[in-house]
Amino acid sequence: MSSLKDTGALLQEIGIFASMEPTRLKLIAYVASSVRFRAGDSVLAAGQVADAVLIVESGTLERHDARMERGAVIGPVGILSSTPERYETVAATDATALRIARAKFEELLEKFPELRAALLRDFALRLARGDG
Amino acid sequence: MQKASSAASSKDGHSRPQEAGMERRLFRYIWQHSSREQIFIALIVIASIPTYFLSLQLPKLIINGPISEVSHDYADGPARFLEITIPAIGWLGTEAVTLFNGVALAQIPHLVALCAALFVLVCINGGFKYFINTFKGQLGERMLRRLRYQLIDRTLRFPQSYLRRLKPAEVSTMVNNEVEPLGGFIGDAYATPLFLLAQALTALAFLMLQNIWLGSIALVLVLIQTGIIPRLRRRLVMLGKMRQIAARAFAGRVGEIMEGAREIRVNGAADWEKADISDRLGTIYGIRFRLYRAKFFIKFLNNLLAQVTPMLFYLAGGYAVIRGDLDIGQLVAVIAAYRDLPPPIKELINWDQQRVDVQVKYAMIVDQFSPPDMPAPRDVPAVPVPLGGSVTITNATFGETADEAVLRDLTLTQKPRGRVMVLSDNPRASEMLAEALARLVPPLRGKVEVGSRDLTVLDDITGGKRIAYVGPGVYYARSTLRDALLYGLRHPPAEAIPAADDDFDVAEARRSGNLTLSPRLDWLAADPDAETLDDRLLDILRLTGLYEDAFELGLSTRIDPETRPDLANSVVQARAVLRFWIEEQVHDDLVEPFDETRYTTEDSIAANLVFGAAQTESAREDFLLTLPAQNVLRASGVADALIDIGAGVAATLLELIGAAGEDDTILRDVPLLDLSETDAIAALGPTLASWRNTADGQAMLMRFALRYVEPRDRLGLLDTAMQDRFLAARHALLEARREEIAALFSLYEIDDYTPGATILDNILFGKVRIEAANGRQRIRKIILDMLDGLEMNDAIALAGLSTDIGNGGRSLSEAQRQRLALARALLKRPDILVLNRPFDVLGEDAERALLADVLARLDAADMPETTVVAALSRPALAPLFQRVVTLKDGILSEDRTAPSPS
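Residues numbered from 1 in each chain as written. Chains lettered and ligands numbered in written order. Predicted model: local features only at pLDDT ≥ 70, side-chain atom pairs only at ≥ 80, totals over all residues. Heavy atoms only, no water.

Asker: Even after reading the chapter, I still don't get the interface of chain B and chain A, so can you show me in this structure?
Answerer: With 32 residues of chain B at the interface, the matching set in chain A holds 32 residues. Of the roughly 2500 Å² buried between chain B and chain A on both sides combined, carbon and sulfur atoms contribute 53%. When the buried area of chain B at its contact with chain A is split by residue, Ile666, Arg714 and Glu771 of chain B rank highest and sum to 33% of it. Taken together, the connections running from chain B to chain A amount to one salt bridge. Put simply, Glu655 of chain B and Lys26 of chain A hold a salt bridge, and the shortest N to O gap is 3.0 Å. For the side of chain B that touches chain A, the secondary structure elements donating two or more residues are α22 (639-660) and α26 (710-713) of chain B. No other element matches the five residues that α22 of chain B contributes to the side of chain B that touches chain A. (Contact = heavy atoms within 4.5 Å. Buried area = accessible area lost by both parts, 1.4 Å probe. Salt bridge = Lys/Arg side-chain N within 4 Å of Asp/Glu carboxyl O. Helix = DSSP H or I, 4+ residues; strand = E, 2+ residues; numbered from the N terminus.)

Asker: So what exactly am I meant to see when it comes to a negative patch on the surface here?
Answerer: Residue and element names in this part refer to chain B. A cluster of acidic residues, Glu596, Glu749, Asp751 and Asp752, forms a negative patch at the surface. Inspection of the secondary structure puts Glu596 in the loop between β13 (591-593) and α19 (605-610). Residue classification places Glu596 among the partly exposed residues on the basis of a relative accessible area of 30%. (Patch = residues over 30% accessible without salt bridge, like charges linked within 9 Å, V, L, I, M, F, W, Y side chains within 5 Å. Areas by Shrake-Rupley, 256 points an atom, 1.4 Å probe, with all protein chains shown as cover. Lys, Arg positive; Asp, Glu negative; His and termini not counted. Charge placed at Lys NZ, Arg CZ, Asp CG, Glu CD. Buried < 20%, exposed > 50% of the residue type's maximum accessible area, 1.4 Å probe, protein only.)

Asker: Mind showing me how you'd approach the sheet that holds strand β2 (residues 42-44) of chain A here?
Answerer: All names here are of chain A. Read across the open sheet, the four strands follow the order β2-β7-β4-β5; overall the sheet is antiparallel. At either margin of the open sheet sits one strand with a lone partner, and together these are β2 and β5 (66-68). When strand polarity is set aside, the average angle formed by the axes of neighbouring strands in this sheet is 30 degrees. (Pairing = 2+ DSSP bridges. Axes fitted to C-alpha atoms, helices over the stretch in contact; angles between N-to-C directions.)

Asker: Sorry, what's going on with the packing of aromatic side chains here?
Answerer: Both the distance between ring centres and the angle between the ring planes are used here to describe each pair of aromatic rings. Residues and elements named next belong to chain B. The tally for this structure, following the rule as stated, stands at 20 aromatic pairs over all chains. Ring geometry for Phe40 versus Phe131: centroids 6.3 Å apart, planes at 75 degrees, classification edge-to-face. With Phe40 in helix α1 (residues 26-67) and Phe131 in helix α2 (residues 107-155), this residue pair connects regions lying 91 residues apart in the sequence. Owing to a relative accessible area of 37%, Phe131 belongs among the partly exposed residues under this scheme. Ring centres 6.1 Å apart and planes at 90 degrees place the aromatic pair Tyr748 and Phe765 in the edge-to-face group. Here Tyr748, found in the loop between β15 (746-747) and α28 (759-764), pairs with Phe765, found in the loop between α28 and β16 (766-768); they are 17 residues apart in sequence, far enough to count as distant. (Phe/Tyr/Trp six-rings, centres within 6.5 Å; stacked < 30°, edge-to-face > 60°.)

Asker: What exactly am I supposed to notice about the nonpolar core here?
Answerer: Most often, soluble globular proteins keep nonpolar side chains buried together rather than apart. Within the largest apolar cluster, 89 residues are counted, with the highest numbers of intra-cluster contacts made by Phe17 and Ile55 of chain A together with Ile605, Leu609, Ile645, Phe704 and Phe726 of chain B. The residues touching Phe17 of chain A, leaving out its near neighbours within four places in the chain, are Leu11, Leu25, Ile28, Ile55 and Leu115 of chain A. Counting residues in each nonpolar core, the second largest holds 76 residues, with Met421, Leu543, Tyr547 and Leu760 of chain B among its members. (Core = buried A, V, L, I, M, F, W, Y, C linked by side-chain atoms within 4.5 Å.)

Asker: Looking at this model, I keep getting lost on helix α27 (residues 720-744) of chain B. Mind explaining?
Answerer: An α-helical segment advances 3.6 residues per turn. Residues three or four places apart therefore align on the same side. Residue and element names in this part refer to chain B. Look at α27: only 28 Å from first C-alpha to last across 25 residues, short of the 36 Å you get at 1.5 Å a residue. Taking the largest bend as the criterion, α27 deviates by roughly 95 degrees, centred on Arg737. Inspection of α27 places Met722, Gln723, Phe726, Leu727, Ala729, Arg730, Leu733, Leu734 and Ile741 among the buried residues, and these make up the whole buried set. The inward-facing, buried residues of α27 abut α19, α20 (617-624), α21 (627-635), α22 and β15. (Expected span 1.5 Å × (residues − 1). Bend = angle between axes of the 7 residues up to and from the residue.)

Here it is as structure tokens:
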């Protein structure tokens, strides 16, 4: 089990959250919840629209041929575009992650313009680099 | 002029008021709907005049009679009280006739009798005023009710194109706030000027009768007052408006200067800006100065008139008294009557001003609610007649305006039972076709018919009940899930209730031209499935993929085992089965069972101390903060621990509140914080040290601690040693106050249903591990799969239907909302089901599965005659349909019918 402090530290490592004030990060850490997966659990089924943003905290998740470890963010693209996932995401090892429910995430975006801007920059960078 | 609203009574007895167009002139509108009441009140006003006149007359009699003995010398004998005489009228040649000889009274009794009579008259006058005012208020309220109802009624008939242009918030303020002053005025519209005029004229007539010259002076002064003052006031209003505009512009300029301060400095433009500001200030000064002049001139004039008149009366009246043309009592009465004259005149002027204001406002509102192509209301049948026959579209053109037609000259026929898919390159084209079939937009040209009935003139009941439409982004009013499902089934109750006419509510509704049907009647009685509604609901929920969602909601509801013994029994039976299954089959720690000898980490400290379920979380907190409970906690040595944990929680919460800022909606789901408490928290002050020293502060800290759940809140405030201490406190509490706790809460007993706990907690007899990913979904699946035999799943799903779906249905996901719309449409057993890209939010596979299920069901015996017309986005779904119509470049480009499978 990870405490709120660890969660705040995790968020600080992540590009889209890094520029935010520590107290706001704590707020985000608090509205999020902590979830654990057993190796082999299905995290997000193919064909489903993500219902939450997941941030990997420990362990490894796997999607198609990509491996995602601490700091990886899953879901914002699917949530903002309402497109179903193309591939299933599974837990490759026992893993823990931070989960921000879809409605909460949308609310955070509305409330914190800096988060919106950071996310937009992140999307743009990925587009420029040519990865989805 | 149009006809007044005709309350068209339909066969089933309730009146359904309708209105062709709305009267633009306020006074005509008021007269149309309340002429009887207005005449009645006018009669009352007229009836009140004689007593009013007499109350003016009496002071004169008192002064001239018993007090100064001018009109009667008591030395000659007693005076006659209540003598009624018709005076001699010279020019008719009649003589004085005495009708009643009166009562003979000496001086003092006469004084008393006259004063008593004055008192009675004052009471009667007051009574009239009271009655008239109440009646006016009632009249105004009724008209307001009618007006609001009519506005909503019209809104419901607005063409879609007009609705799109309206801002919901504006319409709602218009209906709600802006008509409010109209209501106040409507009661006053006719009665007030009449009443005031009658009062003024009575006073004036009285003056004239006493002395024609004094009366004339009063008349001239009144004419000056009514002639000049309103004109001056109008100028005042105009100046006020100018001032407002100038002030607003000035404020804008100041803002500009502040924002552009850097530019001003680097351009050296300060003098230019100062010149502009000086000019603007000068303008405002000029307007204000004129405003003051006008304002105080009116005051001056009013005061002058008020004070000069008595002076004139003293002069002219005194002269007449000295010469013997007027007696002293008359003079006093004249001055008293004159004092009564200005108030009605002033109020009349006010009324006139209000009239101008309100008339403009009313006309503006009516214009807003009268779009150019407003459809007329149509007669509705008591029962919707099924729409048999083919769907026929003849030479129809669709679009917002003729220049921007998106679909031209479409001709199509579809026999009943058809399965038509519409594809189009421009989504707007197929969308408009779907909307036309749902009667949302009429075609610009041509016809859309079902059987021989033209959809553009079809009544709302038949159209709304026999045609179902599911579009994208369905909106829901706040209600329970069940009410949202049944929305399309509600039908005006057919049974007429004659006795209800006596009912106050119904009578009032009729007086205000409102619908007389109460929403509390049984609106589902006419439904053919009324008897087996629950079964049908379950069936449709399964078909539309909502069963599991309803079931999930049902797991969170609480039931009363007294009223649902069967369900409670099944739940208790399920416990053992489920526990065994989870232990054997699930290699994961999903559930933490309730155990009197162990601390439940997944539950709050309060729940652990009480070890019983409560209807509300705060009930446990309240109990634990009572003195006896506190004593036990202190004796067990956990009171200070609670305060320490509370301080830890509070420190975090204060940080969160600070981070959330002004708009704290994001905090509403923070389980540790009750948003209604933020004020109390603010009152306790920013430093936690001060909280510990006050009783309120300590109680607040304890509350925070009692809500704390470690795996959920993750503040690291609760270790196992601490848990053991709370467990010991639980036992101490149960020992000391078991009976009280058992009475207030439901203690967890493995063999009994726990009424205060949710159904899920009851089935599990424990808590789902918060950190287990998808723990709840997995548990749900296990219950659904494993416990089907216990026949409780349907009951749980039905219990879930009582859940609130939130504003706009926001507690549901978008996909759930769209599925719900389909479920609602199917419940109607429509003759035509129109789909307009409802399932784009679902994945393609999910949409295909859903449509396949639904179409298969429609083919079955359930709804055999239903025609489906589906405008969809995904061409790959075409194989599901018999016929595929393709629109391209605004015209029909392909119409392909699959060979019927057999």
